[in-house]
Amino acid sequence: MKKTKLIVFSAFVLLGLAACGGHTVSSISSSTGSSSAGASSSSDSSSSSSSSSSSSSSSIFSSSSSSSSSSNSSVAVNPLALTLTNTTIKAGNCFFDSVKPSLIYTASGTSKDVTNYTSRVKWKLTSSDGTAYKTGDALPVGTYTVYATYSSKNSDKMTFTVVDWDSIDTGKGYSHPVTNFDKTNVTVNANVGAFDHLFPAVGKPKMIVVPVDFSDNQGTAAEKTLITNLYKGGDGETGWKSLHDYYYESSYGKLDMQIDVTDWYRYGATSTDTLGKTAADLLAATGKDGSNAAYDQTWDVLTGITSWLTDALGYNLADYDYDGDGYVDGIEMVYKFNGKNYSAGGDHLWWNYTYVDGNNTGKGVKGKPVIYQYCWFLLSYVSNGFYTPDIDAHTVIHETGHLMGLEDYYDTDSKSGPAGCVDMMDCNVGDHNAYSKMLYNWITPDVVDGTSKHFTYTFKPFEDEGNCLILRNTEDPWNQTPYDEYLLFQFYTPTKLNEKDKDGYPEWLNAHSSGSTKSAYGHAGTYAEPGLQVFHIDSRLFYEHGTLDDSGNVLTDVVDYTDTYYDSAETDTTAKTFHSVSYFATSNTQSRSYDVDAFATTGKLAKGSDYRTVCIITPGETDSFMGTGFYASMGNQSNIFGVGDGLNYYSNSRQQAFYTNGTKFNDHTTLNYNFKVTDVSDTSCTVEFMAN
């Protein structure tokens, strides 16, 4: 995978307080999903199976009796008790979500609920005509028989009925409660993102682009023109889109970057000697301690550029502080280098990344801004031979996404591909997804609101105007910010910003040239045909809060989820309470994802949670992206919902492999709708929603 990186530079003050005692938070109980089965297996009975549901193979399942002819003779009790919450459900729903079975296993006088032991319980579900179904399948009208097998025991057979819906609504069942996210977008609420002082995502902010060369790698006038076109060239002047045109189109005209490209800035040392190749060389050349991984050698380049811009070129840096926060909104450097990618000071200097200038942390003054956010790009990476003209903005677009506050959606530990690869912040292809665009305040969603139990929703192409839909349990409604847990729907079309990569992006296509088959990277680009994209979003926020004694010392200290965005830490001396700012709880990289639930029992805030921010939900019953072989699924059409057998239906039971807690969300709620794609064309996608 492309080794672009987003380096988090923030002081996370929670960790020092999180270990304090006196915690008063209640624990959130976990679901008994498939992971519970193994833990419970030691208590299972080892008695032999009985094929009859009415017989018993052991006396422990019946009371003692004096005589079989007595009127008080015991009756055999089935140790595997199946009950059905509902015996009549609506067509198109599935057994597990709508009938809501309960399966209790009793052995040695102890009973346990094994309903969700997906790896141990076997269900047998048949219609009256003998057709077999899975527990997550959409069921047609008819009568059905079901029983379960667990620990070599069969439950009694039960029956239930599927009836047709009385009607189906159109134009009902959903609403549009939010018209903008101007109070909750990631640019404004920088604390929830990786950086602060971000490049604004709305309006006409100004960006400085500086070509950087060295005496032994001098830039040319032609390369200066190439860089100018990379950033603001029109149709035909790049191989795809310039940075300006991409973001203008992706934002539906809401972001109109004003970009100034300077002349070449020549750094004082040669590229061979610049800032040293090792920690020792770095210290000798600059006096900076390269063993400190937080220090980046480009900070010295920026120091020289700052003086050059203001003193030699006469730039007023205040013109580049659109939001007036005392920091230049963004500066991007494209450097010319042809040598080895040395690693020094903990960073790959000769690469592409987004970072902040730590020398200027806290030094911003309104009217006299300092440089803080920046990107650093290798010229040969954007002029890579992929296109004619030879200008490829994919990497610049991705890194600028970081400059505006988005994290990587790929797993930086390279253990999985949660978001499904097809996204600009994942594998650098296509457009930004609906979640990213909500964070940027470019779009607002429709929301399933529970006003209809059976309705259709027709999507317009997401590329045209940003039409998208949110679904979560309507009895626990969406909090009306991007920072919640929900399913997010968008109708993908291979048009506009998705079109260039629909036959594969050259970086991924070229990866096959080493002898591996094309399937190693799947389709190697965006999807070739239209369909419904579904993402599980968990962008809940958390914060630290508690109580104080009369002297201001901490009495209770809790880390908890919150629906409220706190942009500053506060202490109330009258109420004797305090709270921190709000932070993102999850990441698409496990080692960066906070285990907020665990704080209730451990009293510590640690990373390593199984929860992810953006996860693809595919029509299949297995998640091919949660493992190191995920690249093989990149861009495959079967990843998105369409019309066709096995490609059009969702139920919580059918897609439970995509959730950490079985059929439940990470917050332990359960979706109360299933859905089915009923029609897809080049211009629309119709989805039927059914309350379960």
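Described below are features of the structure shown in this document. Computed from a predicted structure; not experimentally measured. (Residues numbered from 1 in each chain as written. Predicted model: local features only at pLDDT ≥ 70, side-chain atom pairs only at ≥ 80, totals over all residues. Heavy atoms only, no water.)

1. Here's the deal with the overall build of the protein chain
So, step 1. Per the secondary structure count, the protein chain includes 13 helices and 36 strands.
So, step 2. Looking at the protein chain residue by residue over its 692 residues, the buried ones come to 54%.
So, step 3. Considering only residue pairs separated by 6 or more positions, the protein chain has 70% of its internal contacts joining residues 24 or more positions apart.
So, step 4. When the accessible surface of the protein chain is totalled, it reaches about 27,200 Å², and 48% of it is carbon and sulfur. (Helix = DSSP H or I, 4+ residues; strand = E, 2+ residues; numbered from the N terminus. Buried < 20%, exposed > 50% of the residue type's maximum accessible area, 1.4 Å probe, protein only. Contact = heavy atoms within 4.5 Å. Areas by Shrake-Rupley, 256 points an atom, 1.4 Å probe, with all protein chains shown as cover.)

2. So, the sheet that holds strand S27 (residues 531-538)
So, step 1. The mixed open sheet is built from six strands, whose spatial order is S12-S23-S25-S26-S27-S33. In this open sheet, the two strands that pair with only one neighbour each are strand S12 (174-175) and strand S33 (614-617).
So, step 2. Direction of pairing for S27 relative to S33: antiparallel, over a ladder of four bridges. In the strand pairing of S33, phenylalanine 535 is matched with isoleucine 616. (Pairing = 2+ DSSP bridges.)

3. Description of empty space enclosed by the protein
So, step 1. On inspection of all chains with the given rule, the structure shows five cavities of 30 Å³ or more.
So, step 2. Quantified by volume, the largest cavity comes out at close to 100 Å³.
So, step 3. Taken together, Val186, Gly405, Leu406, Glu407, Asp408, Tyr409, Tyr435, Leu439, Phe584, Thr586, Asn588 and Thr613 make up the lining of the largest cavity.
So, step 4. The residue makeup of the lining of the largest cavity, split by class, is six nonpolar, four polar and two charged.
So, step 5. Roughly 80 Å³ of internal volume is contained in the second largest cavity.
So, step 6. Forming the boundary of the second largest cavity are 14 residues, of which Val422, Asp431, Gln490, Asn498 and Gln533 lie nearest the centre.
So, step 7. Among the secondary structure elements, those contributing two or more residues to the lining of the second largest cavity are helix H11 (462-465), strand S26 (485-492) and S27. (1 Å grid on protein atoms, 1.4 Å probe; cavity = no way out; pocket = protein on both sides within 12 Å on 5 of 7 lines; lining within 4 Å. Points joined across faces, edges and corners; volume = space filled by probe spheres on them. Nonpolar A, V, L, I, M, F, W, Y, C, P; charged D, E, K, R; others polar.)

4. Topic: helix H7 (residues 298-312)
So, step 1. With 15 residues, H7 ought to run about 21 Å at 1.5 Å a step, and its terminal C-alpha atoms sit 20 Å apart, in line with that.
So, step 2. Among the residues of H7, Thr298, Trp299, Asp300, Val301, Leu302, Ile305, Trp308 and Leu309 are the ones counted as buried.
So, step 3. A positive phi of about 75° marks glycine 314, the residue just after H7. (Expected span 1.5 Å × (residues − 1).)

5. Topic: the packing of helix H5 (residues 243-250) against helix H9 (residues 394-403)
So, step 1. The N-to-C vectors of H5 and H9 enclose an angle of 60°; their axes lie 10 Å apart at closest approach. Considering the angle they form, H5 stands oblique to H9. Pair H5 / H9 crosses with right-handed handedness. Where H5 abuts H9, its residues Leu243, Tyr246 and Tyr247 lie against Val396, Ile397, Thr400 and Gly401.
So, step 2. The residue makeup of the contact of H5 with H9, split by class, is five nonpolar, two polar and no charged. (Axes fitted to C-alpha atoms, helices over the stretch in contact; angles between N-to-C directions. Parallel < 35°, antiparallel > 145°, perpendicular 65-115°, else oblique. Left-handed = near helix turned anticlockwise from the far one by under 90°.)

6. Thoughts on the pattern of salt bridges
So, step 1. Taken as a whole and judged by the stated rule, the model has 17 salt bridges.
So, step 2. The salt bridge involving aspartate 484 is made with arginine 472; its shortest N-O contact spans 3.8 Å. Taken as a pair, aspartate 484 in the loop between strand S25 (468-471) and S26 and arginine 472 in the loop between S25 and S26 lie far apart in primary sequence, twelve residues in all. No difference in accessibility class separates aspartate 484 from arginine 472, as the two residues are buried.
So, step 3. Glutamate 621 is paired through a salt bridge with arginine 654; the nearest N and O atoms lie 3.5 Å apart. Within this pair, whereas glutamate 621 is found in the loop between S33 and strand S34 (649-650), its partner arginine 654 is found in the loop between S34 and strand S35 (673-680), the two being separated by 33 residues in sequence.
So, step 4. According to the relative accessible area criterion, glutamate 621 is partly exposed, its value standing at 34%. (Salt bridge = Lys/Arg side-chain N within 4 Å of Asp/Glu carboxyl O.)

7. So, the sheet that holds S35
So, step 1. Read from one edge of the open sheet, five strands run S11-S24-S36-S35-S34, paired in mixed fashion. Pairing within the sheet leaves two strands with one partner each, and these edge strands are strand S11 (169-170) and S34.

8. Overview of the packing of aromatic side chains
So, step 1. All chains considered together, the criterion is met by 44 aromatic pairs.
So, step 2. Measuring from centroid to centroid gives 5.8 Å for tyrosine 659 and phenylalanine 665, while their planes differ by 35°, and the two rings are tilted. The pair tyrosine 659 / phenylalanine 665 is uniform in exposure class, with both members buried.
So, step 3. Put simply, the rings of Tyr174, Phe455, Tyr457, Phe459, Phe489, Phe641, Tyr650, Tyr673, Phe675 and Phe689 pair up and form one aromatic cluster.
So, step 4. Here lysine 206 stacks its cationic end above the ring of tyrosine 320, 4.8 Å away from the centre of that ring.
So, step 5. The side chain of arginine 540 reaches across the aromatic face of tyrosine 561, ending 3.9 Å from its centre. (Phe/Tyr/Trp six-rings, centres within 6.5 Å; stacked < 30°, edge-to-face > 60°. Lys NZ or Arg CZ within 6 Å of the ring centre and 35° of its normal.)

9. Considerations on the environment of lysine 460
So, step 1. By secondary structure assignment, the location of lysine 460 is in the loop between strand S24 (454-459) and H11.
So, step 2. In this view, lysine 460 contacts Glu465, Asn467, Phe491 and Thr683; residues no more than four positions away in its chain are not counted.

10. Quick notes on the pairing of strand S14 (residues 258-261)
So, step 1. Side-chain alternation along S14 places Ile259 and Val261 on a buried face and Gln258 and Asp260 on a face that remains uncovered.
So, step 2. In terms of strand pairing, strand S13 (residues 206-213) meets S14 through four bridges, oriented parallel. Bridge pairing in S14 links methionine 207 to isoleucine 259.

11. So, H9
So, step 1. By the criterion of burial, H9 is predominantly enclosed, with ten of the ten residues buried.
So, step 2. Along H9, the positions that sit buried rather than exposed are His394, Thr395, Val396, Ile397, His398, Glu399, Thr400, Gly401, His402 and Leu403.
So, step 3. Once H9 finishes, glycine 405 follows within two positions and takes phi at roughly 115°, a positive value.

12. Section: the environment of threonine 238
So, step 1. For threonine 238, the position within the fold is in the loop between helix H4 (221-232) and H5.
So, step 2. If sequence neighbours within four positions are ignored, threonine 238 has contacts with Asn229, Pro389 and Ile391.
So, step 3. A distance of 3.2 Å separates the side chain of threonine 238 from the backbone nitrogen of tryptophan 240, its partner in a polar contact.
So, step 4. Engagement of the side chain of threonine 238 in a polar contact is seen with the backbone nitrogen of lysine 241, the distance being 3.3 Å. (Polar contact = N/O pair within 3.5 Å; in protein donor to acceptor, adjacent residues only side chain to side chain.)

13. Some remarks on the pairing of strand S17 (residues 331-335)
So, step 1. The buried fraction of S17 is high, at five of five residues.
So, step 2. Residues of S17 alternate between two faces, with Ile331, Met333 and Tyr335 on one and Glu332 and Val334 on the opposite face, all of them buried.
So, step 3. Note: S13 against S17, five bridges, orientation parallel. Within S17, the residue paired with isoleucine 208 across the bridge is isoleucine 331.
So, step 4. The sheet contact formed by S17 and strand S22 (residues 373-378) spans five bridges and is parallel. Counterpart to glutamate 332 in the pairing with S22 is cysteine 375.

14. Thoughts on unusual backbone geometry
So, step 1. Between threonine 388 and the following residue, proline 389, the backbone shows a cis peptide bond with an omega angle of -5°.
So, step 2. Mapped onto the fold, proline 389 is located in the loop between helix H8 (379-382) and H9.
So, step 3. Even without a glycine there, the phi angle at asparagine 428 is positive, about 65°.
So, step 4. With respect to the helices, strands and loops of the structure, asparagine 428 is situated in the loop between H9 and helix H10 (434-439).
So, step 5. Its identity as a non-glycine residue notwithstanding, lysine 496 has a phi of 50°, on the positive side.
So, step 6. Within the secondary structure, lysine 496 is located in the loop between S26 and helix H12 (506-510).

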